Amino acid sequence: MHKHLTTALLAGLALGSAAFAGEKDRKVVVPPAPPEGLWQFKLSLPAWIPWVSGDVGINGINSHISLGPNDLIPKLDMIADVRAEAHKGRFSLMAEYLYLNLSDGVGTNTVVKKIDYRMDQTMADVSVGCRLIESERGYLDILGGVRFNQFYQRMTTQPNDERIDQVVDTVATVVGRRLRTAVARALVALGGKDATLPIAPLHGGDAESLVRKIEQIRGNRVERQAKIKQLLHNSLDSTVARTDTFWDPYVGLRGRYNLNAACYLTARGDIGGFTIGSDLSWTPEAGIGYQLSPNIYTEVTYRAFGIDYDKDGLLMDTVTHGPQVNIGVSF
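Residues numbered from 1 in each chain as written. Predicted model: local features only at pLDDT ≥ 70, side-chain atom pairs only at ≥ 80, totals over all residues. Heavy atoms only, no water.

Visitor: Kindly report on the pattern of salt bridges, identifying the contributing residues and their values.
Guide: Within this structure, the stated rule accounts for 17 salt bridges. For Glu 85, the salt bridge identified is with Arg 254, shortest N-O distance 2.7 Å. Note that Glu 85 is positioned in strand 4 (residues 76-88) and Arg 254 in strand 8 (residues 238-258), a separation of 169 residues in sequence. The pair Glu 85 / Arg 254 is uniform in exposure class, with both members buried. (Salt bridge = Lys/Arg side-chain N within 4 Å of Asp/Glu carboxyl O. Helix = DSSP H or I, 4+ residues; strand = E, 2+ residues; numbered from the N terminus. Buried < 20%, exposed > 50% of the residue type's maximum accessible area, 1.4 Å probe, protein only.)

So this is what it looks like as structure tokens:
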């Protein structure tokens, strides 16, 4: 579905931009072009307000996430987003660097006293554009580029010894299905089903593993209780982390259509991955811009980033979308 949606957006951009080839409107005023043979540069700072939804998983244990700005912004520790462009003649070189760091701590009333989450995401995007159509009304470029993606995820758990004692007093004397059910309920916090960040359930398989280990413990009741308490304490006092890095090549289009002397429409879309990095990635962005002066502009757009990645035990099938405000300068 994501592939068809992105293809339709790119096709619509290409068809809509065909108007650039029509008769010129002398009333339209565009920012002054640089002298022939000289470079023009742009630098801008986007501010993205995101919603994130989809599925994330580790080794077949998946969680569904649906988080909005109210969930994410209070947990944001750092964010940096910078765009740069160099343009000369028909050709342009574009780059974007996006880094964000999210963290959260969640207390639970189970054998897990607290869970601390951290997620770092780095995205670096470099592309080359070639102008297909240009007039006083605007332009249309074809793009080719590569996007670097890195996801760092970390989950730290702290044992709740008081709750462990209560659970062990119950499970140490039962066997079979009753024991399995009792321990599984106590370890529900490790399942990752109520994620507060777009992070995979890194401890998702621990509950079942601990149940199996407890079932194998032998000895009298006192010995068994002591061994189970020690096993739960040691297993739940832990940190699990992983870093996933991959590169996505992509192709796309971008265009601009001038409405009047200062106001314009802008759009960009790309599709990539092609199983080289992710199975599929796509990014549409469209909105309206305003030329505050010949060298300063601002844009309000709606941006989305979809990714379908399933390699090395990590599943990431998510869509991040939301409005974006961008202010920039050209020189």
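Visitor: How would you summarise the pairing of strand 5 (residues 91-107) if you had to cite specific residues and measurements?
Guide: Here strand 4 runs beside strand 5; their pairing, made up of 12 bridges, is antiparallel. Within strand 5, the position partnered with Lys 88 by the bridge is Phe 91. Where strand 4 hands over to strand 5, the hairpin turn is made up of two residues, of which Gly 89 adopts a positive phi near 60°. Hairpin connection between strand 5 and strand 6 (residues 112-135): a loop of four residues separates the two successive antiparallel strands. (Pairing = 2+ DSSP bridges.)

Visitor: Go over the packing of aromatic side chains, please, and point to the residues and values.
Guide: Taken as a whole, this structure holds five aromatic pairs when the rule is applied. Geometrically, the ring pair formed by Phe 41 and Phe 331 is stacked, given 5.8 Å between the ring centres and 25° between the ring planes. Here Phe 41 is found in strand 1 (residues 40-48), whereas its partner Phe 331 is found in the segment after strand 12 (314-330), with 290 residues between them in sequence. A relative accessible area of 56% means that Phe 331 is categorised as exposed. A centroid spacing of 4.2 Å and a plane angle of 15° characterise the contact between Phe 246 and Tyr 309, whose relative ring orientation is stacked. Residue Phe 246 is found in strand 8, and its partner Tyr 309 is found in strand 11 (residues 296-311); the two are separated by 63 residues along the sequence. Comparing Phe 246 with Tyr 309, the two get one shared label, buried. By the ring-pair criterion, three or more aromatic residues cluster together here, those being Trp 39, Phe 41 and Phe 331. (Phe/Tyr/Trp six-rings, centres within 6.5 Å; stacked < 30°, edge-to-face > 60°.)

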